[in-house]
Amino acid sequence: QARGYQSWARTAREGKLTPATSMFWGEKPSEELYDTLADPDNVRNLAANPAHRETLERMRAALKKHTLEIVDNGFVPEGSALEGYENSRRLGAYPLEQIYELALLASARSADNLPKLIAALEDPNEAMRWWAAQGCVMLGKKAAQASPSLQKHLDDSSAAVRITVADALMRLEQRDIALPALERSLADEDLVGLTLVANVFAHLGDEVRPLLPSMKTTLARLESLKPSKDRAEQYAQRYPKDLLTKTISVLEGKTEALVYPAPIPTP
């Protein structure tokens, strides 16, 4: 609702963004490398520049080393039993190096990686299955060969995997099976799961219009919850409510949807 943000969105809709301001919108590059001295605003991405290949590889190695050393548990989906300092450090519970490599494959958005993503959908570890499903979401229609495997996980034991799989199937235009799965997630009592599915609705926009009545029912249920005195619980209650309120407003034509034009190449 910030006026500055609304102005930025309006300029994007009008097609008047500059190369630098357009970088905020749409699909981000999977890898970014900046010369922070020569380019303090981080506008010129050097990741694909052959002249900086050695620096890129050195930075990649440093990032991976640091990630593994601190056992970065940011690679698990929200609401996972693997979240938290102790849980992510249980022996064998969180194969971080394996998850890290899969996350790189997923974010590369290359159809060449699809066989590995399909294989990872059958991994016993929740985080592995979630990243495999995320990779299929990022590939969009290029993930068509993964459809049978994705469908198998619409009843996955993990809410995050179920919701992400349904998201991927929506992008494959398999709405007849994906929409009911997303609607079932709306009935979830878990606030984190509701946040995940509400976030999917927010970016699918008009694709989830058939679920508008169910969204309203869920929003009414959230609004009837007794406010918690615990700050973390307050945020947990707020996020899905805010997301659903915004999506409903957009679908009813009360709020203008954001437009995400392709970034303008920077010279």
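Thresholds, definitions, all that
All residue numbers here refer to positions counted from 1 along the written sequence of the relevant chain. Side-chain atom pairs in this predicted model are given and counted only at pLDDT of 80 or more, local residue features only at pLDDT of at least 70, and totals for whole chains, interfaces and linings cover all residues. Think of the side-chain values as coming from all heavy atoms in the structure, minus any hydrogens and water. Should a side-chain nitrogen of Lys or Arg be within 4 Å of a carboxyl oxygen of Asp or Glu, the pair is scored as a salt bridge. Every helix listed is a DSSP run of H or I at least four residues long, and every strand listed is a run of E at least two residues long, numbered separately from the N terminus. Burial status follows relative accessibility: with a 1.4 Å probe on protein chains alone, a residue under 20% of its type maximum counts as buried, one over 50% as exposed, and anything between as partly exposed. Residue contacts follow a heavy-atom distance rule, with two residues in contact if any of their heavy atoms lie within 4.5 Å. Multiplying 1.5 Å by the helix residue count minus one yields the expected span of that helix. Our arc is simply the arc of the directions from the helix axis toward the C-beta atoms. Definition of a polar contact: a pair of N or O atoms within 3.5 Å, with one able to donate and the other able to accept a hydrogen when the atoms are protein atoms, and with sequence-neighbouring residues admitted only if both atoms are side-chain atoms.

## Comments concerning the pattern of salt bridges
(1) Moving on: Within this structure, the stated rule accounts for 17 salt bridges.
(2) Moving on: The closest approach of N and O atoms between Glu256 and Arg13, which form a salt bridge, is 3.3 Å. A residue pair is termed long-range when its members are at least 10 positions apart, and Glu256 in the segment after helix H11 (231-251) and Arg13 in helix H1 (residues 3-13) qualify at 243 residues.
(3) Moving on: For Glu256, a relative accessible area of 54% puts it in the exposed group.

## Concerning the side chain of Ser149
(1) Moving on: Summarising the element assignment, Ser149 is placed in helix H6 (residues 147-152).
(2) Moving on: Leaving out residues up to four positions away in the same chain, Ser149 has contacts with Ile118, Leu121 and Glu122.

## Some thoughts on helix H8 (residues 175-186)
(1) Moving on: With 12 residues, H8 extends 16 Å from end C-alpha to end C-alpha; this agrees with the ideal 16 Å at 1.5 Å per step.
(2) Moving on: What H8 keeps buried is the set Ala178, Leu179, Ala181, Leu182, Ser185 and Leu186. When H8 is viewed along its axis, its buried side chains cluster within an angular range of 165 degrees and face the same direction.
(3) Moving on: Buried residues in H8 make contact with helix H7 (159-171), helix H9 (191-204), helix H10 (212-223) and H11.

## Some thoughts on the environment of Ala93
(1) Moving on: With respect to the helices, strands and loops of the structure, Ala93 is situated in the loop between helix H2 (53-69) and helix H3 (96-108).
(2) Moving on: Owing to a relative accessible area of 14%, Ala93 belongs among the buried residues under this scheme.
(3) Moving on: In the structure, Ala93 is positioned 34 residues away from Ala127 in sequence and 10.0 Å away in space, judged by C-alpha atoms.

## What to know about the environment of Glu252
(1) Moving on: Relative to the helices and strands, Glu252 is located in the segment after H11.
(2) Moving on: Residue Glu252 is classed as partly exposed on the basis of its relative accessible area of 31%.
(3) Moving on: A C-alpha to C-alpha distance of 34 Å links Glu252 and Ala146, two positions 106 residues apart in sequence.
(4) Moving on: For Glu252, the residues in contact, after removing those within four places along its chain, are Leu212 and Lys216.
(5) Moving on: Engagement of the side chain of Glu252 in a polar contact is seen with the side chain of Lys254, the distance being 3.1 Å.

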